[in-house]
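Fold and contact review
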Amino acid sequence: MATSKSGISLNRALAIFAAALFLAFSSFPCAEEGSLVSDVLFWIGLVPQLMNVAPTENSYPDYQRDRREPVPLDKKQLSLLAADIDAGNKDIDWRAEMYKVWPSQPVVVRHLVQRESEHFPELLEVNTDFLRTALNDTEVSVFTHMTKDKSAISMPYSEYDAKMTNKSEKLYARAIPDTESLDVSSHIDHEWLANVMGVPWARSFTQMLAQGGTLKGRLPLTFVGSNHVWSQVHCDIGSSAFFMLQGRKRWVLFPPSQSRYLYPYGQRRNVAFNAGLNVFAPDTDAHPEFAKARGYEVILNPGDVLFFPSMWWHGVQNLDERTVGVDMAFLNPWGSWTRNSILTACSVLNPLAWKDVVGGLLSGRSVRETFFDGYHKKTSKASAA
């Protein structure tokens, strides 16, 4: 690596220069309580870390070592999501209400699956009983650590179903891809949903990336978990509709403007970005800036749909012993750029990600499958987390 007389590597200097260039010509999220200068310095310091030309300062919170119990956040930090619409009330034009804030802010539409049943036929029947039959001994990816990205193992679904409520093992079947036997796709009108969200082109783009391999263009991702596991707060370039089908989930959401308070770092290849602290049990001594973060929370019940824009930070706690939800994420690079140009650039311009894309295509696998493969451990044996 080339180094200048001052000891600063040439690569790092170029990365800092590139970060400054992005800041000069792009929109980037400013923290309401921070000055412009401190925001600029934050992003200039972060980009070299995300592009692997400077040491990473933030990393995953190790909840196994830090045994903090989940605590409610200060009410001034999390307020209830304001855009909360009851589609069960037939007198309400839920779309008109939704478009008052969408796509700039998240929206929860209660009872939408029931109200628009013609677009979601029998979707609420996708529960753990249905999955037990549809998947049976099909191998699924099961995460064995709640904050380590590369912790997924392959496990027959029947084995996971038997173990999922065992609190001595933290196992979470996150983002189960749709299969021919599962076929959640047939229960969701993709075109109608993408048009409601205003991202029809993003649907086509995402389906193109899901072609090939075993996905064959199927987009739904199913999440099956118990109330002792959760999803770390993260953000990505997908604009999503999340369908709550069984049990309840508590979501926390932070706008892109709060990024600097969440101690961000990149997931593998920057396909997404994680918060460097456990938001549900924060260590405020180690992460004092988090006290400045302001976000929202909402609890989803069966039939509710949460719409949230790309690049919004989100994390999830399961509240019941068995929960099932389905995510429909449409990759939305342009919308992401308008919300957080810097993280979007670090994601879509990552050369190692493009290397994986080419390798996946040459092997006959879809781009989507190739990225999910990167979260797997080398071992195939489950172990208690």
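Residues numbered from 1 in each chain as written. Predicted model: local features only at pLDDT ≥ 70, side-chain atom pairs only at ≥ 80, totals over all residues. Heavy atoms only, no water.

1. Focus on the nonpolar core
Counting 93 residues, the largest nonpolar core has Tyr160, Leu193, Phe243 and Phe307 as the members making the most contacts within it. Leaving out residues up to four positions away in the same chain, Phe307 has contacts with Met98, Trp102, Pro106, Val107, Val109, Leu112, Leu193, Met197, Ser240 and Ala241. (Core = buried A, V, L, I, M, F, W, Y, C linked by side-chain atoms within 4.5 Å. Buried < 20%, exposed > 50% of the residue type's maximum accessible area, 1.4 Å probe, protein only. Contact = heavy atoms within 4.5 Å.)

2. Structural notes on helix 10 (residues 341–348)
Think of an α-helix as turning once every 3.6 residues; residues three or four places apart then point the same way. Counting buried residues along helix 10, seven of its eight residues qualify, which places the element largely inside the surrounding structure. Every buried residue of helix 10 is accounted for by Ser341, Ile342, Leu343, Thr344, Ala345, Cys346 and Ser347. (Helix = DSSP H or I, 4+ residues; strand = E, 2+ residues; numbered from the N terminus.)

3. Focus on helix 2 (residues 36–50)
In this model helix 2 runs 21 Å from its N-terminal to its C-terminal C-alpha over 15 residues, within 8% of the 21 Å that 1.5 Å per residue would give. Taken together, the buried positions of helix 2 are occupied by Asp39, Trp43, Ile44, Leu46, Val47, Pro48, Gln49 and Leu50. After helix 2 finishes, the residue Asn52 shows a positive phi value of roughly 60 degrees. (Expected span 1.5 Å × (residues − 1).)

4. A closer look at the pattern of salt bridges
Using the criterion set out here, one finds 11 salt bridges in the structure. Note that Glu159 is salt-bridged to Lys163, the shortest N-O span being 2.9 Å. Placement of both Glu159 and Lys163 in helix 6 (residues 157–163) is noted, with a separation of four residues, approximately one turn of the helix. Residue classification places Lys163 among the partly exposed positions, given a relative accessible area of 23%. When salt bridges with common partners are traced through the structure, they connect Asp129, Arg132, Asp161 and Arg322 into a single cluster. (Salt bridge = Lys/Arg side-chain N within 4 Å of Asp/Glu carboxyl O.)

5. What to know about unusual backbone geometry
Cis rather than trans, the peptide bond between Trp102 and Pro103 has omega equal to 10 degrees. Here Pro103 is to be found in the loop between helix 3 (94–98) and strand 3 (107–110). With a phi angle near 55 degrees, Glu122 is a residue other than glycine that sits in the positive phi range. Here Glu122 is to be found in the loop between helix 4 (112–115) and helix 5 (128–135). Residue Glu122 is classed as exposed on the basis of its relative accessible area, which comes to 52%. With a phi angle near 70 degrees, Met311 is a residue other than glycine that sits in the positive phi range. Note that Met311 resides in the loop between strand 14 (305–308) and strand 15 (313–318). Judged by relative accessible area, Met311 falls into the buried class, the value being 0%.

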